[in-house]
Amino acid sequence: MRALADIQRTFTHALLQPVLRVPDAVGERAGTSRERRFRVYRNNVKASLVAALTARFPVVRRLVGDEFFEAMALVFIGQHPPLSPVLAEYGAGFARFLEGFEPAADLPYLPDVARLEWARHAAYHAADAAPIGIDRLAALAPEDLHDARLVLHPAAALVDSPWPIVSIWTTNSVDEEVRPIGPDHGAETALVTRPRHDVLIHRLPAGAGVAIASLQAGRPLGEAIAGAPADFDLPHMLAVLFGAGAITGLLKGAPE
Amino acid sequence: MTADRSPRAGAGLKPEHQRHILDAQPDIGWFEVHAENYMGAGGPPHSFLERIRALYPLSLHGVGLSIGSAGGMTPGHLARLKTVADRYEPFVVSEHLAWSTHEGVFLNDLLPLPYDEATLALVTRHVDEVQSVLGRRILIENPSTYLRFEGEEMAETEFLRTLARQSGCGLLLDINNVVVSAANLGFDPAAYLAAFPVEHVGEIHLAGHAVLHDGAAPGGERLLVDTHDRAVSDEVWDLHRHLIGRLGPLPTLIEWDADVPAWPVLEAEVARAQSVLRQDGVSRARAA
């Protein structure tokens, strides 16, 4: 009898590698071949992980087509198998993998679309918190605004891209018919939120991404917008942030 | 009414059905969820489950502990399981006689173990650890299998009997898994059930399986695959009816995890399981 650790090592390798090779420890049986039996496990592993990635990245799948996506997903699974039994955590590295995936190089926006889809997925499972209204900010004395710190919702996430990722995502998920997105669409920054049950995606005004990232890092409002361009529309950004349910608290004054 | 305390049939809880269940509050004995689907920080999975838990008893079914891993169970995972169990206070917690993780890599399938003394000692130690951390008895489920290993030392039923005796755990008897394994490995499912340590059974699973034919290959035969994507087969129903007739009612779950049907289809399967449990109650009352 082989040691269990040996069996599990050879199984793990044989389940993930592209070419079928049945581990020696697998016993012979009359009838159906060892290959056919072992292949059931290989199919279970691969099909279930491809299904998990499909559920996570439906727009990426739509953009590249089913056959391409499945082949690409299998390469990813082979190189980056799950490291947690919580399958909802699988796929965090998919966008980075796509950056280096040569056969998809024709679609340079693909990694950022994957980032947006991952942010939606992460927002769905993020901790709950109750958003506050913009009236709380309005109630602050004007002299306190500069030092005020906005607490972002745990589900709130920014995805900044040189590509029109919100438009690409929207037309491939929401629109009745897919609209062509031309290069004139330009860069887009997405704010992903989940005020209660539903995950929402907002297109941010120019310059807001940097400011919100700074707020998310805990910097006060005045400091967060200090580097913004002259025509930066602060009231608009605040309206988007509060309107999206992305703010759950307001801390007055400088941090301790 | 003693009937209210009698074990009932339940359904695997699927996201597709949650809204309807909360609105219609169907007369189902209980629901079962996979623990790993509730290890996120928050969001709709938890808010739905909290509302459903307020209405129904819950069974917590783990699929990720990897109790049979030679290198030890997945670090940190048991603590996460305990968090879910503490939060939802299930009436039963169960896991599998299988492994799924090796050196940190999670393979997302319930993989087979060789039945020998060394594996038995390892699994017993791990079940002890789980029960001691959770502070409760758990049930261990018989797997669906497609192959056996060279040089095994005991039958699965003997392995499970010794495991239950030594660790004090209960058993979850999946009758579909028995039928799948029996067809694939060439044993008689009725003989397996006759040898099964039924005194430890705390829950029964029923599910559908796919039948693959391999007529082309020399010596090819049919292979059953545990797909949970269709109605329970007649063979599984017959074995269930026979087993309940022998043992009396036991909590019985309908699992339907892929190609999930509209709720009424699943509800009808649960009603069928419930009628098997009730029939037995009736015949026992008459006999008394």
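Analysis parameters
- Residues numbered from 1 in each chain as written.
- Chains lettered and ligands numbered in written order.
- Predicted model: local features only at pLDDT ≥ 70, side-chain atom pairs only at ≥ 80, totals over all residues.
- Heavy atoms only, no water.
- Helix = DSSP H or I, 4+ residues; strand = E, 2+ residues; numbered from the N terminus.
- Rg over C-alpha atoms; globule rule 2.2 N^0.38 Å.
- Contact = heavy atoms within 4.5 Å.
- Areas by Shrake-Rupley, 256 points an atom, 1.4 Å probe, with all protein chains shown as cover.
- Lys, Arg positive; Asp, Glu negative; His and termini not counted.
- Charge placed at Lys NZ, Arg CZ, Asp CG, Glu CD.
- Salt bridge = Lys/Arg side-chain N within 4 Å of Asp/Glu carboxyl O.
- Polar contact = N/O pair within 3.5 Å; in protein donor to acceptor, adjacent residues only side chain to side chain.
- Nonpolar A, V, L, I, M, F, W, Y, C, P; charged D, E, K, R; others polar.
- Buried < 20%, exposed > 50% of the residue type's maximum accessible area, 1.4 Å probe, protein only.
- Pairing = 2+ DSSP bridges.
- Core = buried A, V, L, I, M, F, W, Y, C linked by side-chain atoms within 4.5 Å.
- Domains from an automatic or database assignment.
- Phe/Tyr/Trp six-rings, centres within 6.5 Å; stacked < 30°, edge-to-face > 60°.
- Axes fitted to C-alpha atoms, helices over the stretch in contact; angles between N-to-C directions.

A. Region of the structure containing the overall build of chain B. Helix and strand content of chain B: 9 helices and 12 strands. A compact globule built from 288 residues would reach a C-alpha radius of gyration of about 19 Å, and chain B, at 19 Å, matches this within 12%. Pairs at least 24 residues apart make up 78% of the contacts formed inside chain B by residues separated by at least 6 positions. If you sum the accessible surface of chain B, you get close to 11400 Å²; carbon and sulfur atoms cover 51% of it. Here chain B holds 23 positive side-chain charges and 39 negative ones, and the gap between their average locations is 8 Å.

B. Representation of the interface of chain B and chain A. Counting from both sides, the interface comprises 51 residues of chain B and, opposite them, 43 residues of chain A. Scanning the region where chain B abuts chain A turns up 1 salt bridge. In this structure, the salt-bridge partner of Arg-80 of chain B is Glu-89 of chain A, at a minimum N-O distance of 2.7 Å. Counting the contacts that link chain B with chain A gives 18 residue pairs in polar contact (both at pLDDT 80 or more). Counting only elements with at least two residues in the side of chain B that touches chain A, the list comes to α2 (44-53), α3 (77-88), β5 (99-102), β6 (105-111), α4 (117-134), α6 (175-185) and β11 (223-225) of chain B. For the side of chain B that touches chain A, the leading source of residues is β6 of chain B, giving 7 residues. Looking at the side of chain B that touches chain A, its residues break down into 22 nonpolar, 19 polar and 10 charged.

C. Structural context of the pairing of strand β9 (residues 201-207) of chain B. All names here are of chain B. For β9, the buried fraction is high: 6 of the 7 residues fall into the buried class. Note: strand β8 (residues 170-174) against β9, 4 bridges, orientation parallel. When the sheet's bridge partners are listed, Leu-172 is paired in β9 with Glu-203.

D. Main features of the nonpolar core. Of all hydrophobic cores here, the largest spans 132 residues; its most connected members are Val-60 and Met-72 of chain A together with Phe-31 and Ile-140 of chain B. When residues of this core are assigned to domains, at least three fall in each of domain 1 (1-107) and domain 2 (128-256) of chain A. Among residues more than four places away in sequence, those in contact with Phe-31 of chain B are Ala-11, Leu-13, Ile-21, Ile-52, Tyr-56, Pro-57, Leu-58, Ser-59 and Trp-263 of chain B. Formed by 25 residues, the second largest nonpolar core is a distinct cluster that contains Ile-132, Leu-215, Phe-232 and Val-240 of chain A.

E. Region of the structure containing the environment of Ser-214 of chain A. Residue and element names in this part refer to chain A. Position of Ser-214 relative to the elements: it lies in helix α9 (residues 208-216). Between the C-alpha atom of Ser-214 and that of Thr-171, which follows or precedes it by 43 residues, the distance is 30 Å. Not counting the four nearest positions on each side in its chain, Ser-214 is found in contact with Arg-219 and Ala-224.

F. Main features of the environment of Gly-10 of chain B. Residue and element names in this part refer to chain B. Turning to its location among the elements, Gly-10 is positioned in strand β1 (residues 9-12). For Gly-10, a relative accessible area of 0% puts it in the buried group. The spatial distance from the C-alpha of Gly-10 to the C-alpha of Thr-124 is 29 Å, given a sequence separation of 114 residues. Apart from residues lying up to four places away in sequence, Gly-10 is in contact with Ile-28, Trp-30, Thr-252, Leu-253, Ile-254 and Val-270.

G. Spotlight on the packing of aromatic side chains. Residue and element names in this part refer to chain A. Per the counting criterion, the structure on display carries 21 aromatic pairs over all chains. Consider the rings of Phe-68 and Phe-101, whose centres lie 6.2 Å apart with planes at 80°: the pair is edge-to-face. Here Phe-101 lies in the loop between α5 (94-99) and α6 (110-125) and Phe-68 lies in helix α4 (residues 66-79), a separation of 33 residues in the sequence. Take Phe-101: its relative accessible area is 13%, and that puts it in the buried class.

H. A look at the sheet that holds strand β2 (residues 30-34) of chain B. Residues and elements named next belong to chain B. The sheet built from 8 strands closes into a barrel, its strands ordered β1-β2-β3-β4-β7-β8-β9-β12 with parallel pairing. Averaged over all adjacent pairs, the angle separating strand axes in this sheet is 30°, with direction ignored. Here α6 sits on the sheet in contact with β7 (139-141), β8 and β9, set at roughly 60° to β8.

I. Molecular detail of the pattern of salt bridges. A complete count under the given rule lists 17 salt bridges over all chains for this structure. As a salt-bridge pair, Arg-9 of chain A and Asp-6 of chain A come within 2.5 Å of each other at their nearest N and O atoms. On the criterion of helical spacing, the pair formed by Arg-9 of chain A and Asp-6 of chain A is a turn pair, its members being 3 residues apart in helix α1 (residues 4-16). The shortest N-O distance in the salt bridge between Lys-14 of chain B and Asp-257 of chain B comes to 3.0 Å. Separated by 243 residues along the polypeptide, Lys-14 of chain B in the loop between β1 and α1 (18-24) and Asp-257 of chain B in the loop between β12 (252-255) and α9 (263-287) bring together distant segments of the chain. When its relative accessible area of 13% is taken as the criterion, Lys-14 of chain B is described as buried. Of the residues examined, Asp-257 of chain B reaches a relative accessible area of 28% and is grouped as partly exposed. Each of Arg-61, Asp-66 and Glu-70 of chain A takes part in a single network of salt bridges with overlapping partners.

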